[in-house]
Amino acid sequence: FDTLTGLPNRSLFRDRLEQQAKRSERNLMPMALLFIDLDGFKAVNDTWGHAAGDLVLKAVAERVKARLRKEDVLARLGGDEFVILLEEVSGPDGAAHVAQLALDEIRGITEAGGHPVAISASIGISGARGRAGAKRGPAALLADADQAMYRAKQGGKGVFVISEKAEWVPAR
C-alpha cells in the first residue's frame, strides 16, 4: 500500500488489474480503467511546499474513494498519478459518470494546510470486455488509458477523454 494515502500502490494495483481482467474474460463483463493525473499539483509543491502537496494527495485519495463503489479500486501509481479500476461498468456512460465525479471532487479541493490551492485533473478512460479484452492484456488497457489522459491534457486539462481503443460491446 502507498504509505502516504493508504491506497493500493502500483504493485498491488497491477495484481488487482490482472485479477479483474481474468474475471472479465470469464464472465464476459466489461471493466474500465481511469488514469488520473493532477493538473496544477507542481504549483502547489513549488508555492507551498511538499507538506501542502502531501495534504492535496491525501485529500484526492479520500474524496475520490468516497465516491466509488466498494468493489472499485482506487490506487496511487506514484507522484500525482492515480488510477481507478471499475468492475462491471455499464459502458462508456458509466465510466464517464465516474470520471466526472472524480473531476468534481478534485476541483473541490481548494485549500491545503491553510493555503489556497487550485487543482484539477486530466483523466483518460479505457475499457475492455471478455476474451478480446483479455487477449489485449491489462498492460494495453493501462497504456490506452494513459494515452487518453495525455489527450485530455492537450485538450485543455480538467477533462476526461475516452480511448478510441476502448471496447464496450460484447466480445467473445
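Higher on the page you've got the structure.
Residues numbered from 1 in each chain as written. Predicted model: local features only at pLDDT ≥ 70, side-chain atom pairs only at ≥ 80, totals over all residues. Heavy atoms only, no water.

**Student:** Quick one: what's the story with the pattern of salt bridges, residue by residue and with numbers?
**Tutor:** Enumeration over the complete set of coordinates arrives at 11 salt bridges. With its nearest N and O atoms 3.1 Å apart, the salt bridge here joins Glu105 to Arg63. With Glu105 in helix α4 (residues 92-107) and Arg63 in helix α3 (residues 50-66), this pair connects stretches of sequence that are 42 residues apart. For Glu105, a relative accessible area of 14% translates into the label buried. Given the relative accessible area of 31%, Arg63 is considered partly exposed. (Salt bridge = Lys/Arg side-chain N within 4 Å of Asp/Glu carboxyl O. Helix = DSSP H or I, 4+ residues; strand = E, 2+ residues; numbered from the N terminus. Buried < 20%, exposed > 50% of the residue type's maximum accessible area, 1.4 Å probe, protein only.)

**Student:** Lay out the pairing of strand β6 (residues 120-129) with the relevant residues and their values.
**Tutor:** Across the 10 residues of β6, 10 count as buried, placing the element largely inside the fold. The two faces of β6 match: Ser120, Ser122, Gly124, Ser126 and Ala128 on one face and Ala121, Ile123, Ile125, Gly127 and Arg129 on the other face are all buried. Pairing of β6 with strand β7 (residues 160-162) involves 3 bridges; the strand directions are parallel. When the bridges of β7 are listed, Ile125 appears paired with Ile162. (Pairing = 2+ DSSP bridges.)

**Student:** Summarise the sheet that holds β6; cite the residues concerned and give the values.
**Tutor:** In space, the 5 strands of this open sheet follow the order β2-β3-β1-β6-β7, with mixed pairing throughout. Every interior strand has two partners, whereas the edge strands, β2 (73-78) and β7, have only one. Along the sheet, successive strands turn relative to each other by an average axial angle of 20°, direction set aside. In this sheet, strand β3 (residues 81-87) lies alongside β2 in antiparallel orientation, the contact comprising 5 bridges. By the bridge assignment for β3, Ala75 is matched with Val83. Sitting on the sheet, helix α1 (residues 10-27) touches β1 (30-39), β2, β3 and β6, and the angle it makes with β3 is about 25°. (Axes fitted to C-alpha atoms, helices over the stretch in contact; angles between N-to-C directions. Contact = heavy atoms within 4.5 Å.)

**Student:** Any chance you could break down the nonpolar core for me, citing the residues and the numbers?
**Tutor:** Counting residues in hydrophobic clusters, the biggest one holds 35 residues, and the most contacted among them are Leu38 and Ile84. Secondary structure elements with two or more residues in this core: β1, α2 (41-48), α3, β3, α4 and β6. Excluding residues within four positions of it along the chain, Ile84 makes contact with Ala32, Leu33, Leu34, Ile36, Val64, Leu68, Val73, Leu74, Val98 and Ala102. Of all hydrophobic cores here, the second largest spans 16 residues; its members include Phe13, Phe35, Leu85 and Leu141. (Core = buried A, V, L, I, M, F, W, Y, C linked by side-chain atoms within 4.5 Å.)

**Student:** Give a detailed account of unusual backbone geometry, specifying residues and quantitative values.
**Tutor:** Keep in mind that most residues, glycine aside, have a negative phi and that most peptide bonds are trans. One non-glycine residue, Glu88, lies in positive phi territory at about 50°. Residue Glu88 is classed as partly exposed on the basis of its relative accessible area, which comes to 42%. Within the chain, Lys157 stands out as a residue other than glycine whose phi angle is a positive 65°. For Lys157, the location among the structural elements is in the loop between α6 (138-154) and β7.

**Student:** Account for the pairing of β1, with residues named and values stated.
**Tutor:** The buried fraction of β1 amounts to 10 of the 10 residues, a majority that puts the element mostly inside the structure. Here β1 shows a buried face lined by Pro30, Ala32, Leu34, Ile36 and Leu38 and a second buried face lined by Met31, Leu33, Phe35, Asp37 and Asp39. In terms of strand pairing, β1 meets β6 through 10 bridges, oriented antiparallel. In the sheet register, Leu33 faces β6, and the bridge partner there is Ser126. The sheet contact formed by β1 and β3 spans 7 bridges and is antiparallel. Opposite Met31, over in β3, you have Glu87 as the bridge partner.

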